[in-house]
Amino acid sequence: MSSDIGGDANGKVQILLSTYNGEEYIREQLDSILAQSYPDVDILARDDGSKDDTFVILKEYEELHSNIRVYQGENIGVNRSFFELLKKSDKKAAYIGFCDQDDYWLPQKIEQAVKQLKRLKGPALYCGAKTLVDENLEILKNQQNAHVNPGFGNAVIESICSGCTTLMNRELVEILIRRLPENVIHHDWWCYMAAAYLGSMYYDEQSYIYYRQHQGNEVGASGSAIAQIRAKARDLKKRHGDLKKQLSDFKRFYHTEPQKDALVDAILKAEKFPDRFTILFDKRWYRQSAFDNWVVRGLFLLNRML
């Protein structure tokens, strides 16, 4: 396909794909990446110890396409698997992106992301909206709100960055590789925090990805409000204490911006009184939804956030 972006080595894009028991949809995902309008894309895939034929399919694609390289490792979980891929990413690639195993990318996805990243200075991250679809790629009636307000005050308490939409420039990637955490809720959330702390990011309200919803999703998104509330309640119960660990790791790695550091400290102190009460009225941090803001502040008061 044609493109107005050059395909020189300096503009190379490498997509990092972590798979686990994804044989059902992995071909569609790979085909959609291979069909991108951007002219210089390769794929580095790590299989996280699949028990099905996922790795067999990956090897088939590797044999057919010179721009695909795959390997298999032991099962270490999605976050650590993507961090392993980051460490092995091509140093010559100007841009690095993450990829799920079961979505479908529209042809202009990478091209549009590169266009936006070229406009940003310093360590930079691109992410964007997703179109929720069912197992057959039929668009669902209930979609997520694409209107968001990115910023570090949001990143410390919520991630709006879905890894499957992400593209990062080389400067941010090199910083991330040097500071990989032990404790992280989601790998893409960590990248969002780092970009918002150190540099800049662009959130694209236009969707270029069909984000498949099915029972086998490792990490998914529910469209209806009730489903989202239930999912958040389950996630908070399962991950109680994880936010404290993630922010503690972030504080250990990043401590050059006094105002942002002070916000991290304020949240970490909210485990005890009187700081637990003070954080309720702190306007430096925010969730994207007004309803979420009140819910999370209530959870801080009940000591269910840290």
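If you're wondering where the values come from, they're calculated on a predicted model, not measured in any experiment.

Each helix and strand counted, the chain has 12 helices and 10 strands in total. Here the chain holds 306 residues, and the buried ones make up 53% of them. When contacts within the chain are restricted to residue pairs at least 6 apart in sequence, long-range pairs at least 24 apart make up 81% of them. Put simply, the chain shows about 14,800 Å² of open surface, and 49% of that area lies on carbon and sulfur atoms.

Attention shifts here to the packing of aromatic side chains. All told, the structure shown has 13 aromatic pairs when counted by the stated rule. Over the ring of W105 we find K109, and its NZ or CZ is 3.6 Å from the ring centre. The ring of F253 is capped by R252, whose NZ or CZ atom sits 4.5 Å from the centre of that ring.

Here we take up the sheet that holds strand β5 (residues 104-105). Strand order in this open sheet of 3 strands is β5-β10-β7, and the pairing throughout is mixed. Only two strands of the sheet have a single neighbouring strand rather than two, namely β5 and β7 (131-133). In terms of strand pairing, β7 meets strand β10 (residues 209-212) through 3 bridges, oriented parallel. Paired with L132 across the bridge in β10 is Y211.

When two helices pack together, their arrangement is given by the angle between their axes and by how far apart the axes lie. The contact between helix α1 (residues 26-34) and helix α2 (residues 54-64) brings their axes to 10 Å, and the two run at 25°. Classified by the interaxial angle, the pair formed by α1 and α2 is roughly parallel. Viewed along their axes, α1 and α2 form a crossing whose handedness is right-handed. Of the residues in α2, those in contact with I26, R27, L30, D31 and L34 of α1 are I57, L58, E60 and Y61. Taken together, the residues of the contact of α1 with α2 break down into 6 nonpolar, no polar and 3 charged.

Our next topic: the nonpolar core. In terms of nonpolar packing, the biggest core is built from 60 residues, with L86 and F300 touching the most fellow members. Tallying contributions element by element places helix α7 (residues 187-198) first for this core, with 9 residues. When near neighbours in sequence (up to four residues on either side) are disregarded, L86 contacts L16, I96, F98, M168, V173, L176, I177 and L180. Listed in part, the 31 residues of the second largest apolar core include V13, Y38, A124 and Y126.

Looking now at the state of the cysteines. Per the stated rule, a full pass over the model turns up 0 disulfides. Considering cysteine sulfurs only, C161 is the nearest to C127, which forms no disulfide, with 4.0 Å between them. Given a relative accessible area of 0%, C127 falls into the buried group. C191 forms no disulfide, and the closest cysteine sulfur to it belongs to C161, at a distance of 6.7 Å.

Bringing the side chain of S81 into the picture now. Of note, S81 is situated in helix α3 (residues 78-88). Under the relative-accessibility criterion, S81 is labelled buried at 0%. Of note is the side chain of S81, whose polar atom sits 2.9 Å from the side chain of R46. When near neighbours in sequence (up to four residues on either side) are disregarded, S81 contacts S18, R46, D48 and I76.

A few words now on the confidence of the model for the chain. On average, residues of the chain score 91 in pLDDT, and 89% of them reach the 70 mark or higher. In this model residues 1-9 is a low-confidence stretch, pLDDT under 50, and it forms 23 contacts with partners more than four residues away in sequence or in other chains.

On to the pattern of salt bridges. Taken as a whole and judged by the stated rule, the model has 16 salt bridges. Close ionic contact of E271 with K244 constitutes a salt bridge, the shortest N to O distance being 2.9 Å. Residue E271 is found in the loop between α10 (258-269) and α11 (275-278), and its partner K244 is found in helix α9 (residues 242-253); the two are separated by 27 residues along the sequence. Take E271: its relative accessible area is 25%, and that puts it in the partly exposed class. Residue K244 is classed as partly exposed on the basis of its relative accessible area, which comes to 32%.

Together, E23, E24, D53 and E135 make up a negatively charged patch on the protein surface. Examined against the element boundaries, E24 turns out to sit in the loop between β1 (13-19) and α1. Since its relative accessible area comes to 62%, E24 is described here as exposed.

Next up on the list: α7. Since the α-helix turns once every 3.6 residues, residues separated by three or four places project in the same direction. Between its first and last C-alpha atoms α7 spans 17 Å; for 12 residues at 1.5 Å apiece the expected length is 16 Å, and the two agree. Where burial is concerned, most of α7 is hidden: 11 out of the 12 residues are buried. For α7, every residue scored as buried is listed here: H187, D188, W189, W190, C191, Y192, M193, A194, A195, A196 and Y197.

Our next topic: the pairing of β10. The pairing of β5 with β10 spans 2 bridges and is antiparallel. From the neighbouring strand, Y104 faces β10, where its bridge partner is Y210.

Scoring rules and cut-offs
- Residues numbered from 1 in each chain as written.
- Predicted model: local features only at pLDDT ≥ 70, side-chain atom pairs only at ≥ 80, totals over all residues.
- Heavy atoms only, no water.
- Helix = DSSP H or I, 4+ residues; strand = E, 2+ residues; numbered from the N terminus.
- Buried < 20%, exposed > 50% of the residue type's maximum accessible area, 1.4 Å probe, protein only.
- Contact = heavy atoms within 4.5 Å.
- Areas by Shrake-Rupley, 256 points an atom, 1.4 Å probe, with all protein chains shown as cover.
- Phe/Tyr/Trp six-rings, centres within 6.5 Å; stacked < 30°, edge-to-face > 60°.
- Lys NZ or Arg CZ within 6 Å of the ring centre and 35° of its normal.
- Pairing = 2+ DSSP bridges.
- Axes fitted to C-alpha atoms, helices over the stretch in contact; angles between N-to-C directions.
- Parallel < 35°, antiparallel > 145°, perpendicular 65-115°, else oblique.
- Left-handed = near helix turned anticlockwise from the far one by under 90°.
- Nonpolar A, V, L, I, M, F, W, Y, C, P; charged D, E, K, R; others polar.
- Core = buried A, V, L, I, M, F, W, Y, C linked by side-chain atoms within 4.5 Å.
- Disulfide = S-S within 2.5 Å.
- Polar contact = N/O pair within 3.5 Å; in protein donor to acceptor, adjacent residues only side chain to side chain.
- pLDDT = per-residue confidence, 0-100.
- Salt bridge = Lys/Arg side-chain N within 4 Å of Asp/Glu carboxyl O.
- Patch = residues over 30% accessible without salt bridge, like charges linked within 9 Å, V, L, I, M, F, W, Y side chains within 5 Å.
- Lys, Arg positive; Asp, Glu negative; His and termini not counted.
- Charge placed at Lys NZ, Arg CZ, Asp CG, Glu CD.
- Expected span 1.5 Å × (residues − 1).

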